[in-house]
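Residue-level structural notes
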Amino acid sequence: MTLPAARAPVVAYVALGGNLGDARANVLGAFDALALTPGITLRHRSSLYRTAPIDSSGPDYINAVAEIQTTLDAMSLLGVLQAIEQVGGRERPYANAPRTLDLDLLRYGSARIASPRLVVPHPRMQARAFVLVPLAEIAPQTVDTAWLDAVRDQAIERLPAG
């Protein structure tokens, strides 16, 4: 019997958000789910932020970003993220619908992936304060200051811990 070769760990960044139900608890629960997943180590988590919906509707969102280290390949990691969304009650009735939980893979090491199921780096992250601000909090080296300048007009509020 041959065991699969161990994958070298990769640092990845995941955006978390939601605006239905108890969005704060849903995002915190998703952090916990990531930390408990075999093959994933939760290295850093940003503060929680409140933002108005962009290209969506409903109540304000609670957003955050996680830095993880993983031995999972990108597609397996995507499967884990989607499973966490499902456990969190995610439904997809139409594009950009309000949601209980949304997890997006922003970066997967230095990989560039363009498949029908996954595009990395995330194609819209540079245009979204709700991604860039928490990402800059935990990994400032990954965020170009010009990107932050371009989203300064998007309202975002850092929430107090606790």
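Residues numbered from 1 in each chain as written. Predicted model: local features only at pLDDT ≥ 70, side-chain atom pairs only at ≥ 80, totals over all residues. Heavy atoms only, no water.

Going by what an unreviewed UniProt entry lists, the protein is known as 2-amino-4-hydroxy-6-hydroxymethyldihydropteridine pyrophosphokinase and is assigned to Paracidovorax wautersii. As recorded by UniProt, the Function (unreviewed entry) comment attached to the protein reads in full: "Catalyzes the transfer of pyrophosphate from adenosine triphosphate (ATP) to 6-hydroxymethyl-7,8-dihydropterin, an enzymatic step in folate biosynthesis pathway." (UniProt positions renumbered as here; feature names shortened; annotations may be inferred.)

Considering the environment of R128
Relative to the elements of secondary structure, R128 occurs in the loop between β7 (119–120) and α3 (129–138). Residue classification places R128 among the buried positions, given a relative accessible area of 15%. A sequence separation of 44 residues divides R128 from I84, and the C-alpha atoms of the two residues are 22 Å apart. Beyond its immediate sequence surroundings of up to four residues, R128 is in contact with I54, D55, V151 and Q154. (Helix = DSSP H or I, 4+ residues; strand = E, 2+ residues; numbered from the N terminus. Buried < 20%, exposed > 50% of the residue type's maximum accessible area, 1.4 Å probe, protein only. Contact = heavy atoms within 4.5 Å.)

Some remarks on the pattern of salt bridges
Side chains that differ in charge, positive against negative, can pair when their charged atoms come close. On inspection of all chains with the given rule, the structure shows four salt bridges. With a shortest N-O distance of 2.8 Å, E67 and R43 are connected by a salt bridge. Within this pair, whereas E67 is found in strand β4 (residues 61–70), its partner R43 is found in strand β2 (residues 40–45), the two being separated by 24 residues in sequence. As a salt-bridge pair, E137 and R158 come within 3.7 Å of each other at their nearest N and O atoms. Linking E137 in helix α3 with R158 in strand β8 (residues 156–158), this pair joins segments that are 21 residues apart in sequence. By relative accessible area, which is 52% here, R158 ends up exposed. (Salt bridge = Lys/Arg side-chain N within 4 Å of Asp/Glu carboxyl O.)

Comments concerning the environment of N19
Within the secondary structure, N19 sits in the loop between β1 (10–18) and α1 (23–36). Judged by relative accessible area, which is 3%, N19 ranks as buried. Put simply, N19 and R99 are 80 residues apart on the chain and 5.7 Å apart in space, counted from C-alpha to C-alpha. Here P59 takes part through its backbone oxygen, which lies 3.0 Å from a polar atom of the side chain of N19. (Polar contact = N/O pair within 3.5 Å; in protein donor to acceptor, adjacent residues only side chain to side chain.)

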